[in-house]
Amino acid sequence: MTTSGTGHSTRRQRTGRRESPDERADRRWADLLQEVRVAQTGSQVLFGFLLSVVFMPRFAGLGGFEQGLYVATVVLGALATGALTAPVAYHRIFAGHRLKPQLVDAAARLVATGLVLLALTIGSALLLLLRVATGSLASGWIAGGVMLWFAVCWLLLPVRHLHRHNGHCPRPPGRTTATPARGGAATPRTEGRPT
């Protein structure tokens, strides 16, 4: 791009990455796998623990509500584990069909579903644990508060930050951009993030 009347050329700042659709899909897939590893480990450990609870002697002494809550928690844990490990099955089925962008989109939706199910599993497991440990009605309020915390950390804060930046990433500090000076010539300036 040439600045009028001066002959000086300035380069426009590009936002985003210079990558092909296939490269973008590969990068997104690698990012998704890193995210899933954390969630899968947590869901599998929790699910394994939940499966062992039924074999403990104290389980037989639980009331009807606690046993029903246990069953619901185990089912939620199984659903979360299934959703969080589903990208592996998707990858095996989609492999070699040149559908990586579609694979990434489908897997991302399953991981989001798995995270919701994992949060519900943790909340119901906490409610079960607190009811058995304390027998207090306050256990419901505590579990509800923890679920609210999950909603804030996993949903509200990320959406708020995304909204604040209108879905765009701000320029990294230290990037130079050309700004017109008096007389029409472009002078470089360094932009930093506001504090």
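Everything discussed here concerns the structure shown above.
Residues numbered from 1 in each chain as written. Predicted model: local features only at pLDDT ≥ 70, side-chain atom pairs only at ≥ 80, totals over all residues. Heavy atoms only, no water.

Draft legend 1. Quick look at the overall build of the chain. A count of helices and strands for the chain gives 4 helices and 2 strands. Starting at the N terminus and ending at the C terminus, the chain contains elements arranged as α-α-α-α-β-β. A buried classification covers 26% of the 195 residues belonging to the chain. Contacts in the chain between residues far apart in sequence, at least 24 positions, make up 58% of those at least 6 positions apart. Accessible surface, the chain: about 13,500 Å² in total, of which carbon and sulfur atoms supply 63%. (Helix = DSSP H or I, 4+ residues; strand = E, 2+ residues; numbered from the N terminus. Buried < 20%, exposed > 50% of the residue type's maximum accessible area, 1.4 Å probe, protein only. Contact = heavy atoms within 4.5 Å. Areas by Shrake-Rupley, 256 points an atom, 1.4 Å probe, with all protein chains shown as cover.)

Draft legend 2. Structural detail: helix H2 (residues 64–94). With 31 residues, H2 should reach 45 Å at 1.5 Å per residue; the first-to-last C-alpha distance of 44 Å fits that figure. Maximal helix bending in H2 amounts to about 40°, located at Thr-85; proline Pro-87 follows within four positions. Phi turns positive, to about 85°, at Gly-96, one or two residues after H2. (Expected span 1.5 Å × (residues − 1). Bend = angle between axes of the 7 residues up to and from the residue.)

Draft legend 3. Seen up close, helix H4 (residues 138–164). Helix length check: H4, at 27 residues, gives a terminal C-alpha distance of 36 Å against a target of 39 Å (1.5 Å per residue), a fit within 8%. In H4, a bend of some 40° at Val-152 exceeds every other bend along the element. Within the span of H4, buried status applies to Ser-139, Ala-143 and Phe-150. Summarising the contacts, the buried residues of H4 are in contact with helix H3 (100–134). A positive phi of about 50° marks Asn-166, the residue just after H4.

Draft legend 4. View of the side chain of Ser-43. Its place among the elements puts Ser-43 in helix H1 (residues 21–53). We classify Ser-43 as buried; its relative accessible area is 4%.

Draft legend 5. Geometry of the packing of H3 against H4. The contact between H3 and H4 brings their axes to 9 Å, and the two run at 160°. By the criterion of interaxial angle, the relationship of H3 to H4 is roughly antiparallel. You can see that H3 and H4 cross each other, and the crossing is right-handed. Contact residues: H3 offers Leu-115, Leu-118, Ala-119, Leu-120, Ile-122, Gly-123, Leu-126, Leu-127, Leu-130 and Arg-131, while H4 offers Ser-139, Gly-140, Ile-142, Ala-143, Val-146, Met-147, Phe-150 and Trp-154. (Axes fitted to C-alpha atoms, helices over the stretch in contact; angles between N-to-C directions. Parallel < 35°, antiparallel > 145°, perpendicular 65-115°, else oblique. Left-handed = near helix turned anticlockwise from the far one by under 90°.)

Draft legend 6. Region of interest: the nonpolar core. Counting 27 residues, the largest nonpolar core has Trp-29, Leu-32 and Tyr-70 as the members making the most contacts within it. Counting residues per element, the ones that place at least two in this core are H1, H2 and H3. When residues in this core are grouped by element, the largest group, 9 residues, is from H3. Dropping the residues within four chain positions of it, Trp-29 is found in contact with Pro-87, His-91, Lys-100, Leu-103, Val-104 and Ala-107. (Core = buried A, V, L, I, M, F, W, Y, C linked by side-chain atoms within 4.5 Å.)

Draft legend 7. Looking closely at the packing of H1 against H2. Running from N to C, H1 and H2 cross one another at 150°; their axes reach a closest spacing of 9 Å. Between H1 and H2, the interaxial angle falls into the category roughly antiparallel. For H1 against H2, the interelement crossing comes out left-handed. On the side of H1, the interface is formed by Trp-29, Val-36, Ala-39, Gln-40, Ser-43, Gln-44, Phe-47, Leu-50, Leu-51 and Val-53, while H2 contributes Tyr-70, Thr-73, Val-74, Gly-77, Ala-78, Thr-81, Leu-84, Thr-85, Pro-87 and His-91.

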